[in-house]
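Structural overview for review
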Amino acid sequence: MQLLKEKILSEGRVVGEEILKVDSFLNHQLDVELLQAIGQEFHRRFGHKKITKILTIEASGIGIAAIAATYFKVPVVFAKKVQSRNLDKETFKTQVYSFTKQTNYDVQVSKRYMNSSDQILILDDFLANGRAALGLIDLVEQAGASVAGVGIVIEKSFQEGGQLLREKNIHLESLAVVNRFVNGQVTFLG
Ligand code: 5GP
């Protein structure tokens, strides 16, 4: 997606060997027009499939999923990371290793909001080693629902997530695929 690549090149900041910071449009401040274009692009790639719900993970996935949902016209469910008294007792629950925080955390979805008749599109901001996406797939499987696909805004191809998902025959669509970082500059695959 050309617009997204241009935004990454002009505003993305490479931190260390593996992290791309995109706080000015995706992870802190949100460029809503860009998110609309991202939502339309996900719809172009997955809109032919029967999708009943979009699933994402808090916090950064929520804005992306909510705007994409206006094109799919389905509800968004986001997996919660924080235990709260407000969360239903009956949940699907799994553990995810956080790439950015380097620790394990639980993610949960109330059993009210996913069931075996659902066809779920999973959306997230980044794909690195695939732990967040695999955790969300686990929640969908616990519900007996099916994964219609996984849509990612930025995939880093030098980490294993993309390969792991493709090996599981998941329909994966990444809107920008970062190949590597050369002297703090981003290069894309294709
Ligand atoms: P994974 O679970 O695939 O290893 O990592 C994906 C999650 O970690 C994403 O939900 C995202 O929040 C975070 N993440 C991974 N790599 C990056 C990165 O380069 N930049 C940012 N901003 N977040 C990342």
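This text goes with the structure placed above it.
Residues numbered from 1 in each chain as written. Predicted model: local features only at pLDDT ≥ 70, side-chain atom pairs only at ≥ 80, totals over all residues. Heavy atoms only, no water.

1. Overview of the site of the ligand
We apply this condition: Whether a residue is near a molecule or strand depends on its heavy atoms: it is near if one of them lies within 4 Å of it. Any pair of nitrogen or oxygen atoms within 3.5 Å is treated as a polar contact; in protein, a donor-acceptor pairing is required on top of that, and neighbouring residues in sequence qualify only through side-chain atoms on both sides. Here the Shrake-Rupley method, with its probe set to 1.4 Å, supplies the accessible areas, and only the displayed protein chains count as covering residues. Working definition: helices are DSSP H or I runs of at least four residues, strands are E runs of at least two. Numbering for both runs from the N terminus. Residue polarity follows a fixed list, in which Ala, Val, Leu, Ile, Met, Phe, Trp, Tyr, Cys and Pro are nonpolar, Asp, Glu, Lys and Arg are charged, and the others, Gly among them, are polar.
Neighbouring residues of the ligand: 16 residues in total, closest Leu20, Ala128, Gly130, Ala132 and Lys156. Between the ligand and Leu20 there is a distance of 2.7 Å, counted from a nitrogen atom to a backbone nitrogen or oxygen. Between the ligand and Ala128, the relevant distance is 2.8 Å, taken from an oxygen atom to a main-chain nitrogen or oxygen of the residue. In the complex, the protein chains occlude 89% of the 500 Å² of accessible area that the ligand would expose alone. A total of four residues in the shell around the ligand trace back to one element, the largest contributor, which is strand 7 (residues 119–127). Looking at side-chain class alone, the shell around the ligand contains seven nonpolar, four polar and five charged residues.

2. Here we look at the sheet that holds strand 9 (residues 172–182)
What counts is decided by this rule: Only strands that DSSP links by at least two bridges are regarded as paired with each other. Every axis corresponds to a line fitted to the C-alpha atoms, with the helix fit spanning only the stretch in contact, and the corresponding angles, defined between N-to-C directions, vary from 0 to 180 degrees. A contact between two residues is defined here by any heavy atoms of the two lying within 4.5 Å.
The strand order across the open sheet formed by six strands is 4-3-7-8-9-10, and the pairing between neighbours is mixed. In the strand order of this sheet, the two ends are held by strand 4 (76–79) and strand 10 (185–188), each with one partner. Neighbour to neighbour, the strand axes of the sheet diverge by 30 degrees on average, direction disregarded. Strand direction decides the pairing type here: strand 3 (residues 53–57) and strand 4, joined by four bridges, are parallel. Paired with Ile54 across the strands is Val76, a residue of strand 4. Docked against the sheet, helix 1 (residues 2–11) engages strand 8 (146–156), strand 9 and strand 10, running at close to 160 degrees with respect to strand 10. In the packing of helix 5 (residues 131–142) onto the sheet, the strands contacted are strand 3, strand 4, strand 7 and strand 8, and the crossing angle to strand 7 comes to about 165 degrees.

3. Let's talk about the pattern of salt bridges
Operational definition: Here, a salt bridge means any side-chain nitrogen of Lys or Arg that lies within 4 Å of a carboxyl oxygen of Asp or Glu. Accessible area is worked out with a 1.4 Å probe on protein chains only. A residue is then buried under 20% of its type maximum, exposed over 50%, and partly exposed in between.
This model, assessed by the stated rule, comprises twelve salt bridges. Note that Glu41 is salt-bridged to Arg44, the shortest N-O span being 2.7 Å. Of this pair, Glu41 and Arg44 both sit in helix 3 (residues 32–46), three residues apart, which is roughly one turn of that helix. On the basis of relative accessible area, Glu41 is assigned to the buried category, the value being 14%. A salt bridge links Asp88 to Arg112, with the shortest nitrogen-to-oxygen separation between them at 2.6 Å. Here Arg112 lies in the loop between strand 6 (104–110) and strand 7 and Asp88 lies in the loop between strand 4 and strand 5 (91–97), a separation of 24 residues in the sequence. Since its relative accessible area comes to 26%, Asp88 is described here as partly exposed. Arg112 gets classed as exposed once you look at its relative accessible area, which sits at 60%.

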